[in-house]
Amino acid sequence: MNAEEIPFDRRMLEALICPRTQMRLTYDADKQELISDAAGLAYPIRNGIPVMLVDEARVID
């Protein structure tokens, strides 16, 4: 299995929160990101693992 093919386990959404706002996240399967609407940030998912660092997050327009 290729590293890019490792799926994100949606059950992780129950335990993960935005490190900036401590609010819930939503999963964008197409972009492989966890979205924090409250912070306006998208956290990347790499190799099936969410990268929950504000410095690694993309600002949402």
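The name given to the chain in an unreviewed UniProt entry is UPF0434 protein DSM110277_00136, with the source organism recorded as Sulfitobacter pontiacus. Per its UniProt entry, the chain bears the Sequence similarities (unreviewed entry) comment "Belongs to the UPF0434 family."

(A) Spotlight on the pattern of salt bridges. Tallying each qualifying case throughout the model produces 3 salt bridges. Of the charged contacts in the structure, one is a salt bridge between D9 and R11, with a shortest N-O distance of 2.8 Å. With a relative accessible area of 30%, D9 lands in the partly exposed category. When the shortest N-O distance is used, the salt bridge between E33 and R58 registers 2.8 Å. Residue E33 is found in strand β2 (residues 33-36), and its partner R58 is found in strand β5 (residues 58-59); the two are separated by 25 residues along the sequence.

(B) How the structure looks around the packing of aromatic side chains. In the structure shown here, the tally under the stated rule is 1 aromatic pair. Ring plane angle 40° and centroid distance 4.8 Å describe the contact between F8 and Y27, whose orientation is recorded as tilted. You can see F8 sitting in the segment before β1 (26-28) and its partner Y27 sitting in strand β1, a full 19 residues away along the chain. Of the two residues, F8 and Y27, both sit in the buried class.

(C) How the structure looks around the pairing of β2. Neither face of β2 is exposed, since E33 and I35 on one face and L34 and S36 on the opposite face are all buried. Here 3 bridges tie β1 to β2, and the two strands are oriented antiparallel to one another. Looking at the pairing, D28 lines up with E33 of β2. Alignment of β2 against strand β3 (residues 41-46), held across 4 bridges, turns out to be antiparallel. Note on β3: the bridge partner recorded for L34 is Y43. Connecting the antiparallel pair β2 and β3 is a turn made up of 4 residues, with G40 showing a positive phi of about 70°.

Conventions adopted
Residues numbered from 1 in each chain as written. Predicted model: local features only at pLDDT ≥ 70, side-chain atom pairs only at ≥ 80, totals over all residues. Heavy atoms only, no water. UniProt positions renumbered as here; feature names shortened; annotations may be inferred. Salt bridge = Lys/Arg side-chain N within 4 Å of Asp/Glu carboxyl O. Buried < 20%, exposed > 50% of the residue type's maximum accessible area, 1.4 Å probe, protein only. Helix = DSSP H or I, 4+ residues; strand = E, 2+ residues; numbered from the N terminus. Phe/Tyr/Trp six-rings, centres within 6.5 Å; stacked < 30°, edge-to-face > 60°. Pairing = 2+ DSSP bridges.

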